[in-house]
Amino acid sequence: MTPQLVHHGPTTCLNVTGMGEPGGTEHLSAISALHAVAAAMGGPAGPLEGRWWVEDTTLPPLDVPRDQWRWHLLLPLPGVPEPGTVETAREQARASGAAVDRVQVVVFTEGECVELLHEGPYSEEKVSLDVMDAFMAEHGLVRNGLHHEIYLTDFTDPEPKTLLRQPVTRR
């Protein structure tokens, strides 16, 4: 488990922003909406990604109740869609019953990041996050953006693989 320092330029994604625990009703509704719109667009998208944060800064983030976690769920796109494409896809996907009106296109740049592949249950990510924190401290880096996860396997996989990413800057 060795973190790497990488650079990520502009990324275009379908996005739904929300709050709630992973796997909860709100979270699953957002995932359904993203996939419904992506399918209606007919092109490649994915894998699912999440950028996470909490508003309560008096506690370590993992100690904040999970129903208070905030997130942007994302499906990366190969490029910026032509004008009207997402609106048309939302209309086509509306029959799915998913909350497709919440889906929007966003473009963001993270810049310099520390990444680490976490293999195993989400409940054990803290071990990998601690390794990343030690790497950042050793290299004079501090957090500079939202915690980012790329889900390389399905949420239901008993042996999930998640690429953990943390934007950083030099002290």
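Quick look at the structure, then. Each chain has its residues counted from 1, following the order in which its sequence is written. Totals for whole chains, interfaces and linings use all residues, but because this is a predicted model, local features are given only for residues with pLDDT of at least 70 and pairs of side-chain atoms are given and counted only at 80 or more. Only heavy atoms go into the side-chain values, all of them from the structure, while hydrogens and water stay out.

On to the packing of aromatic side chains. Any two rings among Phe, Tyr and Trp, with Trp reduced to its six-membered ring, count as a pair given centres within 6.5 Å; such a pair is stacked if its planes are under 30 degrees apart, edge-to-face if over 60, and tilted if neither. As enumerated under the stated definition, the model contains two aromatic pairs in all. When the centroid spacing of 5.9 Å and the interplanar angle of 80° are considered together, the rings of Trp52 and Trp69 count as edge-to-face. In this pair, Trp52 is assigned in strand S3 (residues 49-53) and Trp69 in the loop between S3 and strand S4 (70-76), connecting sequence segments 17 residues apart. Given a relative accessible area of 10%, Trp52 falls into the buried group. By relative accessible area, which is 13% here, Trp69 ends up buried. Here, over-ring charges are defined by two tests on the NZ atom of lysine or the CZ atom of arginine: distance to the ring centre within 6 Å, and angle to the ring normal within 35 degrees. Directly above the ring of Phe108 sits Arg51, whose terminal nitrogen or CZ lies 4.2 Å from the centroid. The helix count covers DSSP runs of H or I at least four residues long, the strand count covers runs of E at least two residues long, and both are numbered beginning at the N terminus. Each residue gets one of three labels from its accessible area relative to the maximum for its type: buried under 20%, exposed over 50%, partly exposed in between, using a 1.4 Å probe on protein chains only.

Turning our attention to the nonpolar core. In these notes, a set of buried Ala, Val, Leu, Ile, Met, Phe, Trp, Tyr and Cys residues joined through side-chain atoms within 4.5 Å is what counts as a nonpolar core. Membership of the largest hydrophobic core comes to 25 residues, with the highest contact counts inside it found for Leu14, Leu34, Val37, Leu48, Leu73 and Val103. Looking at this core, the elements that each hand over two or more residues are strand S2 (11-19), helix H1 (25-41), S4 and helix H2 (85-93). The contact rule is simple, with two residues in contact once any of their heavy atoms fall within 4.5 Å. If we skip the residues at most four places from it in the chain, Leu73 touches Leu14, Asn15, Val16, His27, Ala30, Ile31, Leu34, Leu48, Glu49 and Gly50.

Turning our eyes to something else, we now look at the side chain of Gln166. Position of Gln166 among the secondary structure elements: in strand S9 (residues 161-170). Excluding residues within four positions of it along the chain, Gln166 makes contact with Glu112, Cys113, Val114, Met132, Met136, Arg143, Asn144, Gly145, Leu146 and His147.

Before going further, it helps to spend a moment on empty space enclosed by the protein. In the cavity and pocket records, a cavity denotes points on a 1 Å grid over the protein atoms alone where a 1.4 Å probe fits but cannot get out, a pocket denotes an open set with protein on both sides within 12 Å along at least 5 of 7 lines, and lining residues are residues with an atom within 4 Å of a point. Grid points are joined across faces, edges and corners, and a volume is the space filled by probe spheres set on the points. For the structure shown, the criterion picks out one cavity of 30 Å³ or more. Of the voids in this model, the largest cavity is the one considered here, and its volume is about 30 Å³. Breaking the lining of the largest cavity down by element, the ones donating at least two residues are helix H3 (125-138) and S9. It is H3 that provides the largest number of residues to the lining of the largest cavity, a total of four residues.

Expected helix span is taken as 1.5 Å per residue step, with the number of steps being one fewer than the number of residues. Over its 14 residues, H3 runs 20 Å from end to end, which matches the ideal 20 Å to within 8%, given 1.5 Å per residue. Where H3 is buried, its residues meet strand S1 (4-8), strand S6 (111-119), strand S7 (141-143), strand S8 (147-151) and S9. Taken from the residues just after H3, Gly140 is the one with a positive phi, measuring 65°.

Time to look at H2. Residues that lie three or four places apart on an α-helix share one face, since the helix turns once every 3.6 residues. Val86, Ala89, Arg90 and Ala93 are the residues of H2 that are buried. Buried residues of H2, seen end-on, are gathered within an arc of 105° and therefore sit on one face of the element. Looking at H2, the residues exposed on the side facing more than 90 degrees away from the buried face are Glu91 and Gln92. Check the buried side of H2 and you find it contacts S2, H1 and strand S5 (104-108). What the arc describes is the spread of directions from the helix axis to the C-beta atoms.

This part takes up the environment of Glu149. Positionally, Glu149 belongs in strand S8. The exposure class of Glu149 is buried, given its relative accessible area of 8%. Along the backbone, Glu149 and Val107 are 42 residues apart, and their C-alpha atoms lie at a distance of 17 Å. Leaving out residues up to four positions away in the same chain, Glu149 has contacts with Leu48, Glu49, Gly50, Trp52, Glu125, Thr162, Leu163 and Leu164. Here Tyr151 takes part through its side chain, which lies 2.7 Å from a polar atom of the side chain of Glu149. The definition of a polar contact used here is a pair of N or O atoms within 3.5 Å, where within protein one atom must be able to donate a hydrogen and the other to accept one, and adjacent residues in sequence count solely through side-chain atom pairs.

With that settled, consider the environment of His27. Mapped onto the elements, His27 comes out in helix H1. Residues His27 and His72, spaced 45 residues apart in sequence, show a C-alpha to C-alpha distance of 9.8 Å. When sequence neighbours within four positions are dropped, the list of residues in contact with His27 reads Glu21, Pro22, Trp52, Trp71, Leu73 and Phe155.

Any functional reading would require information beyond the geometric quantities listed.
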